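Geometric and topological summary
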Amino acid sequence: QVQLVESGGGLVQAGGSLRLSCAASGRTFSRYTDTMGWFRQAPGKEREFVAAIRWSPAGTYTADSVKGRFAISRDIAKNTVYLQMNSLKPEDTAAYYCVADRVWAHVISGTCDYWGQGTQVTVSA
C-alpha cells in the first residue's frame, strides 16, 4: 500500500500563487509509484485531470486548462511531487488530489491505484 499526503492548499486572491506538495510513503517502489499527478474537483463539477509526471521514462503532461500557469515537478529522493500554481483564477477553486500508479495511462485517465485525501484551494476574485 501507498499513502499520499497533500499539503499547501489555502485561500489566495486571483492572480496569486500556491505550491502544492504530495509526499508518498509506504510501498513507494518505483514500479508502484512510477507516475504521480494531480486531479481536482469542484462542488457540482466533474473530476478533472490537472497534471502528471513519470519517473521512468521521464515525462510530463499538463491539462490545457492550466497549461502555461501550472507546472508539475518532483523530488525523487523525497518521493514528493509538487504542483506550482501561478496566475490563479477563481475557476481553479477545487479540492486537489494527489494520485499515483505504476501505469501512466491509469493516472491520466483517473483510474489510478492510489489517491490522497485532498487539499483545498480557494481563489477569491
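Residues numbered from 1 in each chain as written. Predicted model: local features only at pLDDT ≥ 70, side-chain atom pairs only at ≥ 80, totals over all residues. Heavy atoms only, no water.

With that out of the way, let us pick up the pattern of salt bridges. Tallied over the entire structure, the rule returns four salt bridges. Asp92 is paired through a salt bridge with Arg69; the nearest N and O atoms lie 2.7 Å apart. Of this pair, Asp92 sits in the loop between β8 (80-85) and β9 (94-101) while Arg69 sits in the loop between β6 (59-62) and β7 (70-75), and the two are 23 residues apart along the sequence. A residue is classified by how much of its surface remains accessible, and Asp92, at 2% relative accessible area, is buried. Sharing partners across several salt bridges, the network here consists of Arg40, Glu48, Arg69 and Asp92. (Salt bridge = Lys/Arg side-chain N within 4 Å of Asp/Glu carboxyl O. Helix = DSSP H or I, 4+ residues; strand = E, 2+ residues; numbered from the N terminus. Buried < 20%, exposed > 50% of the residue type's maximum accessible area, 1.4 Å probe, protein only.)

With that settled, the discussion passes to the state of the cysteines. Two cysteines form a disulfide when their sulfur atoms are joined by a covalent bond. Going through the model one piece at a time under the given rule, you end up with one disulfide. Residue Cys22 pairs covalently with Cys98 via a disulfide, S to S 2.0 Å. Judged by the sign of its S-S torsion, about -85 degrees, the cystine formed by Cys22 and Cys98 is left-handed. Here Cys22, found in strand β3 (residues 18-26), pairs with Cys98, found in strand β9; they are 76 residues apart in sequence, far enough to count as distant. Each of the two residues, Cys22 as well as Cys98, counts as buried. Residue Cys112 stays outside any disulfide, its sulfur separated by 9.0 Å from that of Cys98, the closest cysteine. (Disulfide = S-S within 2.5 Å.)

In terms of nonpolar packing, the biggest core is built from 35 residues, with Leu4, Met36, Trp38, Leu83, Met85 and Tyr96 touching the most fellow members. Elements supplying a minimum of two residues to this core: β1 (2-7), β3, β4 (35-41), β5 (48-54), β7, β8, β9 and β11 (119-124). Among all residues touching Leu83, those that are not within four sequence positions of it are Leu18, Arg19, Leu20, Trp38, Val50, Ala51, Phe70, Ala71, Ile72 and Tyr96. (Core = buried A, V, L, I, M, F, W, Y, C linked by side-chain atoms within 4.5 Å. Contact = heavy atoms within 4.5 Å.)

One open sheet accounts for four strands, arranged β1-β3-β8-β7; its pairing is antiparallel. In this open sheet, the two strands that pair with only one neighbour each are β1 and β7. Pairs of neighbouring strands in the sheet enclose a mean axial angle of 20 degrees, with direction left out of account. (Pairing = 2+ DSSP bridges. Axes fitted to C-alpha atoms, helices over the stretch in contact; angles between N-to-C directions.)

A few words on the side chain of Asp34. Counting through the fold element by element, Asp34 comes out in the loop between α1 (30-33) and β4. Despite its burial, Asp34 pairs with no opposite charge, the nearest such side chain being Arg54 at 4.9 Å. Apart from the residues lying within four places of it in its own chain, the contact partners of Asp34 are Ile53, Arg54, Trp55, Ser56, Asp101 and Arg102. (Lys, Arg positive; Asp, Glu negative; His and termini not counted.)

The next thing to look at is the packing of aromatic side chains. Per the stated rule, a full pass over the model turns up four aromatic pairs. Between the aromatic rings of Phe39 and Phe49, the centroid separation amounts to 5.5 Å while the plane-to-plane angle is 75 degrees, which identifies the pairing as edge-to-face. With a gap of ten residues between them, Phe39 in strand β4 and Phe49 in strand β5 connect regions that are remote in the sequence. For the pair Phe39 and Phe49, a shared accessibility class is recorded, and that class is buried. Put simply, the rings of Phe39, Phe49, Tyr61, Tyr97 and Trp115 touch in pairs and so form one group of aromatic residues. Here the basic side chain of Arg54 rests over the ring of Trp104, its NZ or CZ set 4.8 Å away from the ring centre. (Phe/Tyr/Trp six-rings, centres within 6.5 Å; stacked < 30°, edge-to-face > 60°. Lys NZ or Arg CZ within 6 Å of the ring centre and 35° of its normal.)

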